[in-house]
Amino acid sequence: MGVALISAMGSCSLPLQAMPLTINTEEYPPFNYADDQGQIIGSATMLLRNALRQADIEAYFRLLPWARAYTEARLSDNHCVYSTTRTHEREALFQWIGPLVVNEWAAFSLAERELDVTSLSELRDWRVGSFREDAVGDYVASSGSNVLLAPSERENIARLKAGLLDVIVTGKATGEFMAQEQNIALEHLFTFHRAPLYLACHPSVSEAVLARLQTQLDALHRDRQEESQ
């Protein structure tokens, strides 16, 4: 389990929280994952680290299986979790900071299978893989497909390779990242949704602290937009 600490630096007009935030995440590349040295990295991670640093907010990062990361943030004081899809069912459970990045939801199969599947309704005829407490899998299950749940994304890739699944549903960037990482030829069947990803925090977290974090996150997004123009 990877652990990292961002220290508060300098002074600010609002007091820091009494305890550091505990920020849970999972292996969900390229947004959040551990490198070869066990450090938690990824595009969402780097953006969040920078916003925390600029807001002078102390936080511990932990890498956990998604179901545990999500559940601890839902039940434990001063805990947060990312990268989290903001759904109607989850809305009242957390305080939301973001968006961090945008996730495209997609369906993949092994390229060698040459499956002709182009819509969610057609997935009902196949063995579809996702993982526990994942918004993508929940969305596909709500459309009528029988979704088989694994502990993690990488477990789904292993099940796909072993012939235990026909299709996996995940973020498009995540599927492409894992295919390259494991040297597997995946076929992108179709994309079916775009969802911003957030930091979701337990209601006990100070609203003033989160407001300061949101301000810094917004400033980072503006800076990026200006640089790209």
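Residues numbered from 1 in each chain as written. Predicted model: local features only at pLDDT ≥ 70, side-chain atom pairs only at ≥ 80, totals over all residues. Heavy atoms only, no water.

Caption draft 1: How the structure looks around helix α5 (residues 172–181). Those residues of α5 that fall on the buried side of the exposure criterion are T174, G175, M178 and A179. Burial along α5 is one-sided: seen end-on, the buried residues are contained in an arc of 130 degrees. Elements in contact with the buried residues of α5: β7 (95–110), α4 (153–161), β10 (167–171) and β11 (186–201). Backbone geometry just downstream of α5 places N183 in the positive-phi region, at approximately 55 degrees. (Buried < 20%, exposed > 50% of the residue type's maximum accessible area, 1.4 Å probe, protein only. Helix = DSSP H or I, 4+ residues; strand = E, 2+ residues; numbered from the N terminus. Arc of directions from axis to C-beta. Contact = heavy atoms within 4.5 Å.)

Caption draft 2: Structural context of the nonpolar core. With 40 residues, the main nonpolar core has I23, L48, L52, F61, Y82, L199 and L213 as its most contacted residues. For this core, the secondary structure elements donating two or more residues are β2 (21–25), α1 (43–54), β5 (59–63), α2 (66–75), β6 (79–85), β7, β11 and α6 (207–228). Once you skip the residues sitting within four places of it in the chain, L48 turns out to touch I23, F61, Y82, L100, L199 and L213. Membership of the second largest hydrophobic core comes to 17 residues, among which are W105, A107, A135 and V140. (Core = buried A, V, L, I, M, F, W, Y, C linked by side-chain atoms within 4.5 Å.)

Caption draft 3: Quick look at helix α3 (residues 135–142). Within α3, the full set of buried residues consists of A135, V136, G137 and V140. For α3, the elements touching its buried residues are β6, β7, β8 (128–131), β9 (147–150), β10 and β11. Looking one or two residues beyond α3, the residue adopting positive phi is G144, at roughly 110 degrees.

Caption draft 4: Inspection of the pairing of β9 at higher detail. Inspection of the sheet shows β8 paired to β9 by four bridges, in the parallel sense. Across the sheet, residue S130 finds its bridge partner in β9, namely L149. In this fold, the crossover linking β8 to β9 by way of α3 has right-handed handedness. (Pairing = 2+ DSSP bridges. Right-handed = clockwise from strand over helix to strand, strands pointing away.)

Caption draft 5: Layout of unusual backbone geometry. Across the junction of P29 and P30, the peptide omega takes the value 5 degrees, indicating a cis bond. Here P30 is to be found in the loop between β2 and β3 (33–34). Cis geometry is adopted by the peptide bond preceding P99, which originates at G98 and carries an omega value of 5 degrees. Here P99 shows up in strand β7. Phi is positive for E133, close to 65 degrees, though the residue is something other than glycine. With respect to the helices and strands, E133 occurs in the loop between β8 and α3.

Caption draft 6: Representation of the packing of α4 against α5. Packing of α4 against α5 brings their axes to within 11 Å, and their N-to-C directions diverge by 65 degrees. The handedness of the crossing between α4 and α5 comes out as right-handed. Between α4, through E153, R154 and I157, and α5, the contact on the second element is made entirely by T174, M178 and E181. Residue composition of the contact of α4 with α5, grouped by class: two nonpolar, one polar and three charged. (Axes fitted to C-alpha atoms, helices over the stretch in contact; angles between N-to-C directions. Left-handed = near helix turned anticlockwise from the far one by under 90°. Nonpolar A, V, L, I, M, F, W, Y, C, P; charged D, E, K, R; others polar.)

Caption draft 7: The pattern of salt bridges, seen in detail. For the structure shown, the criterion picks out ten salt bridges. Two residues, R159 and E155, come together in a salt bridge whose shortest N-O distance is 3.2 Å. Of this pair, R159 and E155 both sit in helix α4, four residues apart, roughly one helical turn. The partly exposed category is assigned to R159, whose relative accessible area is 23%. In the salt-bridge network here, residues are joined through shared partners; they are E27, R154 and E181. (Salt bridge = Lys/Arg side-chain N within 4 Å of Asp/Glu carboxyl O.)

Caption draft 8: Seen up close, the confidence of the model for the protein chain. Looking at the protein chain as a whole, its pLDDT mean stands at 91, while 92% of the residues score no less than 70. Contacts of residues 1–16 to residues separated by more than four positions or lying in other chains number 42 contacts, the stretch itself having pLDDT below 50. (pLDDT = per-residue confidence, 0-100.)

Caption draft 9: A look at the packing of aromatic side chains. Under the definition given, this model contains eleven aromatic pairs. Summarising the aromatic geometry, the rings of Y70 and F94 are spaced 5.5 Å apart at their centres and angled 65 degrees between planes, so their arrangement reads as edge-to-face. With Y70 in helix α2 and F94 in the loop between β6 and β7, this residue pair connects regions lying 24 residues apart in the sequence. The residues Y70 and F94 share a single accessibility class, namely buried. The structure contains a cluster of three or more aromatic residues connected by ring pairs, namely W66, Y70, F94, W96 and Y198. (Phe/Tyr/Trp six-rings, centres within 6.5 Å; stacked < 30°, edge-to-face > 60°.)

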